[in-house]
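Chain by chain, the residues:
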Amino acid sequence: MDNLPAQRLDAPYPSLRYAGYVIAVLFLITLFSQLDRQLPALLVRPIRAEFAISDTAFSLLQGYAFSICYTLMGLPLGRMVDRRTRRNLIFWGMLFWTAMTAASAFASSYTMLFIARMGVGVGEAVLAPAAYSMIADYVAPERRGRAMAFYYTSLAVGSGASMLLGGWLLGAIPKEGMDLPLFGLLPAWRICFLAAAAPGIGLALLLLTVREPMRRELSAKAAACSVGEFIAFLKQHRRTFARLLTYPALLAMIGYGMLSWAPALFERRFDMPISRAGIILGLIIAAAGLSGTLFSGFLSDRWLRMNVDAARFRVSLVGTVVCAPMAVLWPLADNATAAFVMLGVSVFGLSISQAAAPACIQEVCPNNMRGQAISVYLLIAGLLGIGLGPTLVALVSDHVFHGGTKLHYAISVTVLPTALVAIWLCWSGLKPFAATRRMVRTGTE
């Protein structure tokens, strides 16, 4: 390992004030990363028109172009997170994805835009493993659920802000585009990508004010962990990790599948302008996601203090049960208001479950495996959720219901079986999770 602060098993944790500052900086950076990730959902019509592509081709641009690089690069970067200076890894990753987001605004073909989206995935791949690992070393275990939840709210707020920003820009920019200094006349969708890239340099400089924390809950003899040792650990606890690493991927399929196509659904089914739908969706996603994530963290820590069996994983089951029925029903609502309300409840439950996953992983993994474990979690969630979620909805829409007029059926049909399996994984994983947690904690304390 290079340039890492020396770790001591008895070293006190940093002050809550400084830990809060670090989490706030990581929050802003992750919020910024979400601006670009959800933005294409608002740009279905102009990008399809620009490059003459189908719903399925657009879903590949929105999903797998990002997720394949994001997930596959996450594996080697996760090992780097366990060995190298995490702050610096985030810094260089942020500069790269900022450049690729800006490049999306100037793509002259579908292929070029696809490559730019791949680049965004490469840059963002290091962020989550490094951020979760840093937070675990800044915050004591009894407060870690709330700390992780607060950080995780950046995903919901960022997704909502992306919808809000995109909806506002699409409504404010004239249909013919706008003249920008140095760039000339650009259509609204290209300006949206430039706006999403704008905060990158400033946030990268802000990150330099953060100190790399010492690594904790790590014995000297276990300072390094080989790939073989990590795989052996997963096999030893396969009943736990088969569920813990899979249920978030299924929920990501539901979340990305329905939210990627939600603006298009409200436009096609309820004749609602994308600019208006984007603003309403942004507010709903931000509010429901924020409240669900914070509730998840507080409930997780409360149940842990009460010695509830498998406390953190049990929160996942609660959220999944809340999310599942509303995720199936909201696309079928007869009016836009009912659809928005049910979608909000679904996002609330989804946020409870998804926010619990990183804290659960930290709970049952030794320190020297956390970066790799988070990377595997992101790999599965990325390939199934970010990648397959939007594409599966598009394939069902194009080939089962033969066109975009029945997009609402396509969303519900893809969500139902996925939600049922996710509930079973959370319910059946409670006992294995509790057993793995006891074993890991006995070995580190």
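Remember, it's a predicted structure, so these values are computed and weren't measured experimentally.

A. Region of interest: the environment of Ala131. Looking at where Ala131 falls in the secondary structure, it is placed in helix α7 (residues 127–138). In this structure, the C-alpha to C-alpha distance between Ala131 and Leu207, residues 76 residues apart in sequence, is 12 Å. With residues near it in sequence (within four places) discarded, Ala131 still touches Leu26, Ile90 and Tyr151.

B. Looking closely at the packing of aromatic side chains. Overall, the coordinates contain 20 aromatic pairs when judged by the stated rule. Pairing Trp189 with Phe193 gives two aromatic rings, centres 6.1 Å apart and planes at 85°, and the pair type is edge-to-face. Highlighted residues: Trp189 and Phe193, both in helix α9 (residues 188–197), separated by 4 residues, approximately one helical turn. Just as Trp189 is buried, Phe193 falls in that class too. On the basis of an interplanar angle of 35° and a centroid distance of 6.2 Å, the ring pair of Phe295 and Phe348 is categorised as tilted. Here Phe295 is found in helix α14 (residues 274–305), whereas its partner Phe348 is found in helix α16 (residues 336–363), with 53 residues between them in sequence.

C. The state of the cysteines, seen in detail. Considering all chains together, one arrives at 0 disulfides under this definition. Not part of a disulfide, Cys426 finds its nearest cysteine sulfur in Cys360, a span of 8.8 Å.

D. Spatial organisation of a nonpolar patch on the surface. Among the surface-exposed residues, Phe106, Leu182 and Phe183 lie close enough to one another that they form a single nonpolar patch of about 360 Å² accessible area. With respect to the element layout, Leu182 can be found in the loop between β1 (178–180) and β2 (184–186). Among the residues examined, Leu182 registers a relative accessible area of 85% and is labelled exposed.

E. The arrangement of the side chain of Ser351 in detail. With respect to the secondary-structure elements, Ser351 resides in helix α16. Ignoring any residue separated from it by four or fewer positions in sequence, one finds Ser351 in contact with Ala288, Gly289, Gly292, Thr293 and Ser296.

F. Spotlight on the pattern of salt bridges. Following the criterion strictly, the structure yields 9 salt bridges and no others. The partner of Arg190 in a salt bridge is Glu50, with the nearest N and O atoms 3.1 Å apart. Of this pair, Arg190 sits in helix α9 while Glu50 sits in helix α2 (residues 44–51); the two residues are 140 residues apart in sequence, bridging distant segments of the chain. For Asp301, the salt bridge goes to Arg146, with nearest N and O atoms at 2.7 Å. Of the two residues, Asp301 sits in helix α14 while Arg146 sits in helix α8 (residues 141–172), which places them 155 residues apart along the sequence. Note on Asp301: relative accessible area 1%, which makes it buried.

Parameters at a glance
- Residues numbered from 1 in each chain as written.
- Predicted model: local features only at pLDDT ≥ 70, side-chain atom pairs only at ≥ 80, totals over all residues.
- Heavy atoms only, no water.
- Helix = DSSP H or I, 4+ residues; strand = E, 2+ residues; numbered from the N terminus.
- Contact = heavy atoms within 4.5 Å.
- Phe/Tyr/Trp six-rings, centres within 6.5 Å; stacked < 30°, edge-to-face > 60°.
- Buried < 20%, exposed > 50% of the residue type's maximum accessible area, 1.4 Å probe, protein only.
- Disulfide = S-S within 2.5 Å.
- Patch = residues over 30% accessible without salt bridge, like charges linked within 9 Å, V, L, I, M, F, W, Y side chains within 5 Å.
- Areas by Shrake-Rupley, 256 points an atom, 1.4 Å probe, with all protein chains shown as cover.
- Salt bridge = Lys/Arg side-chain N within 4 Å of Asp/Glu carboxyl O.

Treat this as a map of the structure, not an account of what it does.
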